[in-house]
Amino acid sequence: MMRRLFTITAMAALATGGFAHAQSAPATYPTKPVRMVIPFPPGGGTDILARLISNELAKQDKWTVIADNKPGAGGTIGIGEVVKAQPTGYDVVMGQKDNLVIGPWLYRSLTWNPTKDLTAVAHVAYTPVIIATSANSKFKSLADVVAAAKANPGSVTYGSPGNGTSIHLAGDLFEKAAGIKLSHVPYKGSNPAMMDALAGNVDLLVSSVPSAMGQIQSGKLRPLAVTSAKRSSSLPEVPTIAESGYKGFDVSTWYGVLAPAGTPANVVTTLNTHINKLLATPEVKAAINAQGAEPLAMSPADFSKLINTEYTQWKGIVEASGVKIE
């Protein structure tokens, strides 16, 4: 990532979070570094996309954007940090479906509501979930997994980025659709789950495509199926779960940038305009596609509508899963 020298004053402001309180946006934005909070560990899909956007804003627009990983509690800790930040546009977060519309139904101790305490800035990309296994695994297809699980319920294990993530719940929904019982092993992010899948410590990896793409391309992971209604344009040879015999199965996740509620409208517009401009460039499109995701620009209003709609929809899915995290 591009690095720049900052004045001692600017560095101190970043270290302490001491950005000036502002009731309205400055005439020019940004005038100092913007912090992009990433609510998952390095190496996962959220981290990859957040760093891509941060780096391209620095490269193409000459902004200084600092990527800051704040993992934990299914991504809700990082989101909560930005909720509490001053609404000046200098603290934003790369959120995603998991921590915005699922996490709030799982973590009852959360004090924030994504529809009230955050401002939707820019939708970035969406991706199916992928079910994969080590290249050395005995499982050659999704049918092999189902057969093994039916022969010995609970014997097949799968790793996910954490309890209650959309990726975990995609696995849960697949179990219900196939009428099987798998054993879920939650991790603190996609990367540690993938490392254990590669090592054979869990039979399957259920992951976002961006998180798994590098290991799939290297031949170390064998993709078995994607969870979206249609095949991924990045992995066109990989069948969907629906094609594999479970008609109507469709689960995908999405990523986007958000700011604290009350962030001035002209700052939101500036951020949205610059990010959408990046998403339209061949370089960024190719980089996102290379990770197995699909770039998709939206207005702040359309992104807000997506969050509100799915926040309501996923309440029932979470309740039906039986997952409870206090």
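The numbers attached to residues start from 1 for each chain and follow its sequence in the written order. Totals for whole chains, interfaces and linings use every residue, but because this is a predicted model, local features are given only for residues with pLDDT of at least 70 and side-chain atom pairs only at 80 or more, for both listing and counting. Calculated side-chain values reflect all of the structure's heavy atoms, with hydrogen atoms and water omitted.

Trainee: I'd like a rundown of the overall build of the protein chain, residues and numbers included.
Mentor: Helix and strand counts for the protein chain stand at eleven helices and ten strands. For a compact globule the rule gives 2.2 Å times the number of residues to the power 0.38, and the radius of gyration it is set against comes from C-alpha atoms. The C-alpha atoms of the protein chain give a radius of gyration of 20 Å, which matches the 20 Å a tight globule of 326 residues would have. Considering only C-alpha atoms, the protein chain reaches an extent of 65 × 40 × 30 Å along its principal axes. The classification of residues rests on relative accessible area computed with a 1.4 Å probe and restricted to protein chains. Under 20% of the type maximum is buried, over 50% is exposed, and intermediate values are partly exposed. Classification of the 326 residues of the protein chain by burial places 55% in the buried group. Long-range contacts, defined here as pairs at least 24 residues apart, represent 77% of the contacts in the protein chain between residues at least 6 apart. About 13500 Å² of surface is accessible on the protein chain, with carbon and sulfur atoms providing 54% of the total. A residue counts as positive if it is Lys or Arg and as negative if it is Asp or Glu; His and the chain ends are not included. Every charge is mapped onto a representative atom, which is NZ of Lys, CZ of Arg, CG of Asp or CD of Glu. Side-chain charges in the protein chain split into 28 positive and 22 negative, and the spacing between the mean points of these groups amounts to 1 Å. Starting at the N terminus, helices and strands are each numbered in turn, a helix being any DSSP run of H or I of at least four residues and a strand any DSSP run of E of at least two. Residue contacts follow a heavy-atom distance rule, with two residues in contact if any of their heavy atoms lie within 4.5 Å. We get accessible surface area from the Shrake-Rupley algorithm with a probe of 1.4 Å; when it comes to residues, only the shown protein chains can shield them.

Trainee: Break down the side chain of H168 for me, with residues and values.
Mentor: Relative to the helices and strands, H168 is located in helix α6 (residues 166–178). Beyond its immediate stretch of four places on either side in the chain, H168 contacts Y158, S160, G162, N163, H184 and V323.

Trainee: Before we move on, can you summarise the packing of α6 against helix α11 (residues 300–321) with the specific residues and values?
Mentor: A packed helix pair is summarised by two numbers, namely the angle formed by the two axes and the spacing between the axes. Note on geometry: axes are lines fitted to C-alpha atoms, helical ones only across the stretch in contact, with angles between N-to-C directions running from 0 to 180 degrees. At a minimum axis distance of 11 Å, the contact between α6 and α11 shows a crossing angle of 65°. Classified by the angle between their axes, α6 and α11 sit roughly perpendicular to one another. Seen from above, α6 lies across α11 with left-handed handedness. Contacts between α6 and α11 involve L169, D172, L173 and K176 from the first element and W314, I317, V318, A320 and S321 from the second. Residues belonging to the contact of α6 with α11 are distributed by class as follows: six nonpolar, one polar and two charged. Angular relationships are summarised with four words: roughly parallel below 35 degrees, roughly antiparallel beyond 145, roughly perpendicular across 65 to 115, and oblique for the angles in between. Crossing chirality is assigned from the near helix's rotation relative to the far helix, an anticlockwise turn below a right angle marking it left-handed and a clockwise turn marking it right-handed. The nonpolar class holds Ala, Val, Leu, Ile, Met, Phe, Trp, Tyr, Cys and Pro. Asp, Glu, Lys and Arg form the charged class, and all remaining residues, Gly among them, are polar.

Trainee: Please give an account of the packing of helix α2 (residues 45–61) against helix α10 (residues 282–290) that cites residues and values.
Mentor: The contact between α2 and α10 brings their axes to 11 Å, and the two run at 165°. Between α2 and α10, the angle is such that the two are roughly antiparallel. For α2 against α10, the interelement crossing comes out right-handed. Touching L49, L52, E56 and Q60 of α2 are V284, A287 and I288, all from α10. Broken down by class, the residue content of the contact of α2 with α10 amounts to five nonpolar, one polar and one charged.

Trainee: Requested: an account of the confidence of the model for the protein chain, with residues and values cited.
Mentor: In this model, the protein chain carries a mean pLDDT of 88, and residues with pLDDT of at least 70 account for 91%. Scored from 0 to 100, pLDDT records how confident the predictor is in each individual residue. Of all secondary-structure elements in the protein chain, the lowest mean pLDDT belongs to helix α1 (residues 8–16), at 38, while strand β1 (residues 34–38) reaches the highest, 98. Throughout residues 1–25 the model reports pLDDT below 50, and contacts reaching past four residues in sequence, or to other chains, amount to 33 contacts.

Trainee: I'd like a rundown of α2, residues and numbers included.
Mentor: The span you would expect from a helix comes to 1.5 Å times its residue count less one. Its 17 residues place the ends of α2 23 Å apart at the C-alpha level, agreeing with the 24 Å of an ideal helix rising 1.5 Å per residue. For α2, the set of buried residues is G45, T46, D47, L49, A50, L52, I53, S54, E56, L57, A58 and D61.

Trainee: Tell me what's going on with the pattern of salt bridges, and back it up with residues and numbers.
Mentor: By salt bridge we mean one thing: a side-chain nitrogen of Lys or Arg within 4 Å of a carboxyl oxygen of Asp or Glu. All told, the structure shown has eight salt bridges when counted by the stated rule. For R51, the salt bridge goes to D47, with nearest N and O atoms at 2.9 Å. Within this pair, R51 and its partner D47 are both found in helix α2, separated by four residues, close to a single helical turn. One salt-bridge network, in which partners are shared between bridges, spans R35, D68, E81 and D91.

Trainee: Summarise helix α9 (residues 265–279); cite the residues concerned and give the values.
Mentor: Spanning 15 residues, α9 covers 21 Å between terminal C-alpha atoms, matching the ideal 21 Å at 1.5 Å per step. Burial in α9 covers these residues: V267, V268, L271, N272, I275, N276, L278 and L279. Each buried residue of α9 lies within a common arc of 155° when the element is viewed along its axis, so the set occupies one face. It is the directions from the helix axis to the C-beta atoms that the arc portrays.

Trainee: Describe the packing of aromatic side chains, with residues and values.
Mentor: Stacked, tilted and edge-to-face are the three classes applied to pairs of Phe, Tyr and Trp rings, where Trp contributes its six-membered ring and a pair requires centres within 6.5 Å; stacked means planes under 30 degrees apart, edge-to-face means over 60, and tilted covers the rest. All chains considered together, the criterion is met by five aromatic pairs. Considering the side-chain rings of W105 and Y311, the 4.6 Å spacing of their centres and the 25° angle between planes classify their relative orientation as stacked. Of this pair, W105 sits in helix α4 (residues 97–106) while Y311 sits in helix α11, and the two are 206 residues apart along the sequence. Of the residues examined, W105 reaches a relative accessible area of 25% and is grouped as partly exposed. By relative accessible area, which is 13% here, Y311 ends up buried. Ring centres of W254 and F303 lie 5.8 Å apart, and the angle between their planes is 85°; this geometry places the pair in the edge-to-face category.

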